[in-house]
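# Commentary on secondary and tertiary structure
In case you want the letters, here they are:
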Amino acid sequence: MSRNVVLVTGAAGFLGNLLSQALRTDFSSSDVHLILADIVEPRPLVGSKAITLKADLTKKTEVDALFCTEFGIPNTVYCLHGIMSRGSEENFDFGVKVNVDSVRSLLESTRQYGKESPIKFIFTSSLAVYGGPLPEIITPTTIATPESAYGMGKLLSEIMINEYSRRDLSMAGSSDFPLLSFDRALRSHEQLRVTAIIREPLKGERTVCPIGNSIDSPELGLAVWVASPETTIKNFIKAKYIPAEKLFSHTRVICLPGFTTTIKEELEALEQVVGKEAVNLVEFQDDPVNRRVVSSWPAKFDNSYALSLGFIADEGGMVPVVQQFHKNVTRTT
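The sections below set out a description of the structure shown in this document. None of the values given here were measured: they were computed from a predicted structure. Along each chain, residue indices are assigned from 1 in the same order as the chain's sequence is written. In keeping with the predicted nature of the model, local features appear solely for residues at pLDDT of at least 70, side-chain atom pairs appear and are counted solely at 80 or more, and the whole-chain, interface and lining totals rest on all residues. Think of the side-chain values as coming from all heavy atoms in the structure, minus any hydrogens and water.

### So, the overall build of the protein
- A run of DSSP states H or I qualifies as a helix once it reaches four residues; a run of E qualifies as a strand once it reaches two. Both are numbered from the N-terminal end. Across its full length, the protein carries twelve helices and twelve strands.
- For the radius of gyration, the atoms used are the C-alpha atoms, and the globule rule reads 2.2 Å times the number of residues raised to 0.38. Relative to the compact-globule value of 20 Å for 333 residues, the protein shows a C-alpha radius of gyration of 19 Å, a close match.
- Each of the three principal axes of the protein carries a C-alpha extent, and together these read 60 × 45 × 40 Å.
- Sorting the 333 residues of the protein into buried and exposed places 54% on the buried side.
- Within the protein, contacts between residues separated by at least 24 positions form 76% of all contacts whose residues are at least 6 apart in sequence. Throughout this description, buried means an accessible area under 20% of the type-specific maximum (1.4 Å probe, protein chains only), exposed means over 50%, and partly exposed covers the range between. In this description, contact between two residues means that some pair of their heavy atoms is separated by no more than 4.5 Å.

### With respect to the pattern of salt bridges
- For salt bridges, the criterion is a side-chain nitrogen of Lys or Arg within 4 Å of an Asp or Glu carboxyl oxygen. Going through the model one piece at a time under the given rule, you end up with eight salt bridges.
- Note that D64 is salt-bridged to K60, the shortest N-O span being 2.7 Å. Of this pair, D64 and K60 are both found in helix α2 (residues 60–65), four residues apart, which corresponds to roughly one turn of the helix.
- Overall, the relative accessible area of 32% leaves K60 in the partly exposed class.
- The shortest N-O distance in the salt bridge between R111 and E108 comes to 3.2 Å. In this pair, R111 and E108 are both assigned in helix α4 (residues 92–113), three residues apart and thus about one turn of the helix distant.
- The class for R111 is partly exposed, based on a relative accessible area of 34%.
- Given the relative accessible area of 22%, E108 is considered partly exposed.

### Notes on the pairing of strand β1 (residues 5–9)
- Among the five residues in β1, five count as buried, and that is most of the element.
- Going residue by residue along β1, you find V5, L7 and T9 tucked away on one face and V6 and V8 tucked away on the opposite face as well.
- Strand pairing requires that DSSP identify at least two bridges connecting the strands. Relative to strand β2 (residues 33–38), β1 runs parallel, the two being bridged by five bridges. Each bridged residue has a counterpart across the sheet, and for V8 the counterpart in β2 is L36.
- Look down the strands so they point away from you; if the path from the first strand over the helix to the second goes clockwise, the crossover is right-handed. In this view, the connection linking β1 to its parallel neighbour β2 by way of helix α1 (residues 14–24) has right-handed handedness.
- Pairing geometry for β1 and strand β4 (residues 76–79), over four bridges, is parallel. Paired with T9 across the two strands is C79, which belongs to β4.

### Details of the nonpolar core
- Within the largest apolar cluster, 27 residues are counted, with the highest numbers of intra-cluster contacts made by I197, L202, C209, L220, I263, L270 and M318.
- Broken down by secondary-structure element, the contributors of at least two residues to this core are α6 (189–202), β9 (223–227), α8 (263–274), α9 (276–279), β12 (282–284), α10 (288–296) and α12 (318–331).
- The residues contacting L220, other than those within four sequence positions of it, are C209, I211, S214, I215, T262, I263, K264, L267 and F284. Side-chain atoms within 4.5 Å link the members of a nonpolar core, which is a set of buried Ala, Val, Leu, Ile, Met, Phe, Trp, Tyr and Cys residues.

### Side note on the packing of α4 against helix α5 (residues 149–166)
- For helices, the fitted line uses only the C-alpha atoms of the stretch in contact; every axis is such a line through C-alpha atoms, and the angle between N-to-C directions lies from 0 to 180 degrees. The N-to-C vectors of α4 and α5 enclose an angle of 15°; their axes lie 9 Å apart at closest approach. Between α4 and α5, the angle falls in the class roughly parallel. Of the two possible hands of crossing, α4 and α5 adopt the one that is right-handed. Packed against α4, whose contacting residues are F92, V96, N99, V100, V103, R104, L107, E108 and R111, the element α5 presents A149, Y150, M152, G153, L156, S157, M160, I161 and Y164 at the interface.
- Throughout, the ten residues Ala, Val, Leu, Ile, Met, Phe, Trp, Tyr, Cys and Pro are labelled nonpolar, Asp, Glu, Lys and Arg are labelled charged, and all others, Gly among them, are labelled polar. Split by residue class, the contact of α4 with α5 holds twelve nonpolar, three polar and three charged. Note on angle classes: values under 35 degrees are labelled roughly parallel, values over 145 roughly antiparallel, values of 65 to 115 roughly perpendicular, and the remainder oblique. For any pair of crossing helices, the crossing counts as left-handed if the nearer helix is rotated counterclockwise from the farther one by less than a right angle, and right-handed if it is rotated clockwise.

Take a look at the structure:
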């Protein structure tokens, strides 16, 4: 039986927790052993073979320790940790330390401990790598020109991963993720605020929409690229099994499938699923800075390359996404 040890950094976040839960029930592999690490200790997974560790990944000794646990050397690494966009912008040095230096440190440990058996390295990038004038549809050949410290850090990590992979130093790959609806571990502060307009009302809580000043504001027509948490996690798992030879030889970057919607359509889906009372929990306070950042994100991607690799996309628009999340909320309340 092949070794099945998986390291997840950033495991204390909502996305990291969802991934950990999915990995332990992944029927494509058996006897999964999980090493879950974050700056705060992740929640234990009851009934699972899992180690939870509080780790400062800006310290090389603590990174190396993740490869020396009782479970042995992992054969897969999911790199989910990072400082969100506004934090990177406000504290440039710390943002670089976490979003660039610690990723390189993790890559180096993956290289060092994977000399006998290469370790697959899966990195979560961001739409923030794109900026400036963009084509209507983003394709694998679209040049990334970030306009933020966060996007710069993600792009530098992508380039490092490509080089490590080219030199056969690790079985590395990175993915540009769509805006992950309802996720508390989102890739940026702005994404977090936008998705809260659905997440919080479904829990009966008030929230603020940072785009527009009322439900009738034309700014709500702003288009965004999204994916559901369920589909995103399934694609995380699928990434573990895609052989390197199927990827482009010049880049390991994959833009995972998503779909285009608008802020208005998100609110309309919320009303359709749970009623007008949920929409009434949304207060509108237009934030020009937030709106500028969200407006700079690309809103449409060509899904064909990712789909050809076996990744999946949501179907039916926002309504089924909100319906599924509503079911999840109902089950946990």
